[in-house]
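Chains, contacts and geometry: an overview
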Amino acid sequence: QFHEELSAVNSKGELEKIRVSFLGKKGLVTQELKNLRNLTPEEKKTAGMQVNKLKSDIEEAIVEYQKTLEEKEYLQEIENAERYDFTIPSNRERGTLHPITIVQKQIEDIFKTMGFIIEDGLEIQTEYNNFEAVNIPKNHPARDMQDTYYLDNGQILKTHTSAAQNTIMRKYGAPKKGEPLKVLFPGRCFRNENIDASHENTFFQLEGMMIGDDISISNLIYFMKVLLSEVFERDVKVRLRPGFFPFVEPGFELDINCAICEGSGCPTCKNSGWLELLPCGMIHPNVLSMGGIDPERYTGFAFGLGLTRLAMMKYNIKDIRLFNSGNLKQLKQFTR
Ligand code: FA5
């Protein structure tokens, strides 16, 4: 009877019921054991042995069956898990990089392959680093070009990445012969601007510097060309015109032709067809001196790319305000 009932058991619960019905206080086997007292000593001996054997056989069979059930459960679990089809595409939203980050990383990769070190500049700066150390003395008219956010403690939000030039020159010191110092330092800049389609109060620049023996304007032009053709993956029209920055001499403005222009009324370039993108020049001897580098012995170039504007041109974004808008629907469409 026990084996017949056992073979129909499918769960631990059912197994427990059978155990109780045979071995429990009122169970059949327990009952048989109790019945032994009604027998003669002779009968008790043989019957006692039989009932005890029956009891231990049943106990053993239950333990065995328990193991079988556990194994079955385990296999069932695996089977259930395998019902998930891991090849079905996930419907979870994946994050994307901000378009400015994408372009920044792309330029960093290009310059890393050309031996440039990537540095990070502070966003909160001293007036000295932002201005004096790059040859913009107090009361110099050039300070008016950059409406500055002053903090209560007398420090400022950096108005350009050039604020890191002095710290970087001091960190690496004079270059060794044949090993020019090549550094790239992207960063967020802040200016108290009137905001429009091409001006933000918070925007990114990406600055580069190369200092060594005999660095000339041709080195500068070479690196600028590589930079632009790699980013745009095509030949881009540029124009170079003289530009004034107190920290370079000579200085240039490199403009890129406006990719957004749709005939008249272009808000991005104000119909000029050109967008100011990449000011650059040969580092002023005063700036080298202040950085602890001998201007009689070394020369160098620096450029200060408008990274946010470059991203506008690359992705055909008409209004700079999109970048800080937090409009994910628009921002996440850029992947490379
Ligand atoms: C400078 O900030 C210089 N420090 C660049 C430089 C570095 C020159 C090294 C020479 C050598 P400028 O103020 O022109 O220069 O700004 C550089 C670029 O930042 C501009 O060409 C423009 O692309 C971008 N830019 C400036 N102001 C804004 C703004 N309000 N919003 C968006 N981009 C801006």
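Residues numbered from 1 in each chain as written. Predicted model: local features only at pLDDT ≥ 70, side-chain atom pairs only at ≥ 80, totals over all residues. Heavy atoms only, no water.

1. Brief notes about the sheet that holds strand 9 (residues 299-306)
Two strands in a sheet stick together by hydrogen bonds in their backbones, pointing the same way (parallel) or opposite ways (antiparallel). The strand order across the open sheet built from seven strands is 1-4-5-9-8-7-6, with neighbouring strands paired in mixed fashion. Looking at which strands have only one partner, the edges of the open sheet turn out to be strand 1 (117-118) and strand 6 (238-242). Bridge analysis of strand 7 (residues 248-257) against strand 8 (residues 274-283) gives eight bridges, and the strand direction is antiparallel. Residue pairing across strands places Asp 255 opposite Glu 276, the latter belonging to strand 8. Sheet strands touched by helix 7 (residues 165-172): strand 1, strand 4 (181-190), strand 5 (202-212), strand 8 and strand 9. Its angle to strand 5, the strand with the most contacts, is close to 35°. Here helix 10 (residues 307-315) sits on the sheet in contact with strand 5, strand 7, strand 8 and strand 9, set at roughly 55° to strand 9. (Pairing = 2+ DSSP bridges. Helix = DSSP H or I, 4+ residues; strand = E, 2+ residues; numbered from the N terminus. Contact = heavy atoms within 4.5 Å. Axes fitted to C-alpha atoms, helices over the stretch in contact; angles between N-to-C directions.)

2. What to know about the layout of surface pockets
If you add up the space inside the largest pocket, you get close to 790 Å³. Every residue lining the largest pocket is counted, 41 residues in all, and those nearest its centre are Arg 191, Gln 205, Phe 245, Glu 276 and Pro 279. Mapped by element, the contributors of at least two residues to the lining of the largest pocket are strand 5, strand 6, strand 7, strand 8, strand 9 and helix 10. With six residues, the top contributor of residues to the lining of the largest pocket is strand 8. The class makeup of the residues in the lining of the largest pocket is 19 nonpolar, twelve polar and ten charged. Its volume calculated, the second largest pocket comes out at about 200 Å³. Along the walls of the second largest pocket sit eleven residues, with Met 224, Lys 225, Leu 228, Val 236 and Val 238 positioned nearest its centre. Put simply, the parts of the chain that give the lining of the second largest pocket at least two residues each are helix 8 (217-232) and strand 6. (1 Å grid on protein atoms, 1.4 Å probe; cavity = no way out; pocket = protein on both sides within 12 Å on 5 of 7 lines; lining within 4 Å. Points joined across faces, edges and corners; volume = space filled by probe spheres on them. Nonpolar A, V, L, I, M, F, W, Y, C, P; charged D, E, K, R; others polar.)

3. Examining the site of the ligand
Neighbouring the ligand are 24 residues, the closest being His 160, Ser 162, Arg 191, Glu 193 and Glu 200. Between the ligand and Gln 205 there is a distance of 3.0 Å, counted from an oxygen atom to a side-chain nitrogen or oxygen. Secondary structure elements with two or more residues in the shell around the ligand: strand 5, strand 8 and strand 9. Counted by class, the shell around the ligand contains ten nonpolar, eight polar and six charged residues. (Near = heavy atom within 4 Å. Polar contact = N/O pair within 3.5 Å; in protein donor to acceptor, adjacent residues only side chain to side chain.)

4. Quick look at the packing of helix 5 (residues 99-113) against helix 10
Direction vectors running N to C along helix 5 and helix 10 enclose 100°, while the axes themselves pass 9 Å from each other. Taken together, the axis directions place helix 5 and helix 10 in an arrangement best described as roughly perpendicular. Residue-level inspection shows Pro 99, Ile 100, Ile 102, Val 103, Gln 104, Gln 106 and Ile 107 of helix 5 in contact with helix 10, the latter providing Leu 307, Thr 308, Leu 310, Ala 311, Lys 314 and Tyr 315. (Parallel < 35°, antiparallel > 145°, perpendicular 65-115°, else oblique.)

5. Here's the deal with unusual backbone geometry
Glu 249 connects to Pro 250 through a cis peptide bond whose omega is -5°. Residue Asn 135 is not a glycine yet carries a positive backbone phi of 70°. Assignment of secondary structure puts Asn 135 in the loop between helix 6 (127-130) and strand 3 (156-157). If you check the backbone angles, Asp 214 has positive phi at about 55° while not being a glycine. In this structure, Asp 214 sits in the loop between strand 5 and helix 8.

6. Considerations on the environment of Phe 323
Looking at the secondary structure, you find Phe 323 in the loop between helix 10 and helix 11 (328-331). Each C-alpha atom of the pair Phe 323 and Glu 73 lies 55 Å from the other, and the pair is 250 residues apart in sequence. Not counting residues up to four positions away in its chain, the partners in contact with Phe 323 are His 98, Pro 99, Ile 100, Thr 308, Ala 311, Met 312, Ile 317 and Leu 331.

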